[in-house]
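# Secondary and tertiary structure notes
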Amino acid sequence: MQDEVDRLVEAWHAERPDLDVQPLHVLSRVSRLARHLDRARRDVFVAHDLEPWEFDVLTALRRAGRPYQLSPGRLLRATLVTSGTMTNRIDRLAAAGLVQRHPDPADKRGVQVRLTGAGLTRVDAAFADLLEREHRILDGLSAAERENLAGLLRALLIPFDEPS
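Structural notes, computed from the coordinates. None of the values given here were measured: they were computed from a predicted structure.

The rules behind each value
- Residues numbered from 1 in each chain as written.
- Predicted model: local features only at pLDDT ≥ 70, side-chain atom pairs only at ≥ 80, totals over all residues.
- Heavy atoms only, no water.
- Helix = DSSP H or I, 4+ residues; strand = E, 2+ residues; numbered from the N terminus.
- Expected span 1.5 Å × (residues − 1).
- Buried < 20%, exposed > 50% of the residue type's maximum accessible area, 1.4 Å probe, protein only.
- Pairing = 2+ DSSP bridges.
- Contact = heavy atoms within 4.5 Å.
- Axes fitted to C-alpha atoms, helices over the stretch in contact; angles between N-to-C directions.
- Core = buried A, V, L, I, M, F, W, Y, C linked by side-chain atoms within 4.5 Å.

The next subject is helix α3 (residues 52–63). Helix length check: α3 (12 residues) gives 16 Å between terminal C-alpha atoms against 16 Å at 1.5 Å per residue, within 8%. Of all the residues in α3, the buried ones are Trp 53, Glu 54, Phe 55, Val 57, Leu 58, Thr 59, Ala 60 and Leu 61. Within two residues after α3, Gly 65 carries a phi angle of roughly 80°, on the positive side.

Across the sheet, which stays open at both edges, the 3 strands sit in the order β1-β3-β2 with antiparallel pairing between neighbours. In the strand order of this sheet, the two ends are held by β1 (69–70) and β2 (99–104), each with one partner. In this structure, β1 lies alongside strand β3 (residues 107–115), joined through 2 bridges in antiparallel fashion. Residue pairing across strands places Leu 70 opposite Val 113, the latter belonging to β3. Here α3 sits on the sheet and contacts β1, β2 and β3; the angle it forms with β3, its principal contact strand, is near 105°. Contacts between helix α5 (residues 83–95) and the sheet are confined to β2 and β3, with β2 contributing the most and set at about 115° to the helix.

Glancing now at the nonpolar core. By size, the foremost hydrophobic cluster in this structure holds 22 residues, and its most contacted members are Leu 58, Leu 61 and Leu 75. Counting residues per element, this core draws most heavily on α3, at 6 residues. Here Leu 61 is in contact with Tyr 68, Gln 69, Leu 70, Leu 75, Val 99, Val 113 and Leu 115, once residues within four sequence places are set aside.

Inspection of the secondary structure assignment puts Leu 50 in the loop between α2 (22–47) and α3. Look at Leu 50 and you get buried, because its relative accessible area is 4%. Sequence separation of Leu 50 and Val 99 is 49 residues, and the distance between their C-alpha atoms is 13 Å. Among residues more than four places away in sequence, those in contact with Leu 50 are Phe 45, Phe 55, Leu 58, Leu 98, Arg 122 and Ala 126.

Keep in mind these numbers describe shape, not what the thing actually does.
Here's what the structure looks like:
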C-alpha cells in the first residue's frame, strides 16, 4: 500500500539520487497529516461558530479551572501570540460575549480575562465534538499503536517546546 508521500519520495529519489530523502518519510507525513487535521478541526469549529484562534483562547481559559480566568500574559504564553494580537483577540471575544475583562485584585493595573457562561457553553460543546472527531480519526490504530505514536511524536516535539 502506497500513499502520496511514497510517490513523492520515489520522485525525489529518481530526480536527486545523490540526496538522502529519508526525512521525508516521516516529516512529510506529519506535515500532510497536520493539514488534514486542521481541516477536520475547522469543520468542528465552524459547526460551533468559532475560529481556530477563538477555540485556542477559550480552551486556555477553560483549562485554567474555575473561575476560568487568566491574565493576558498567561494567555500569551498559552497561545504563542504577540501581546498586540492577544489584545485584539480578547477585544473580539469580549464583543462576542464569550469573555469578560475583570480587574486583577492582586494588581490594580492588571486585568483578568474570564469566560462568560456563553463562552463556557460554547467551548465545552466544541471540545466534546472535537474529541469525538479525533477519536474517529484514530480508530484505525490500536491502543498500543496510539501510545507508541504519541511517544515518538513527543520525542520529536520536545526540542521545539523547550524554552530557548
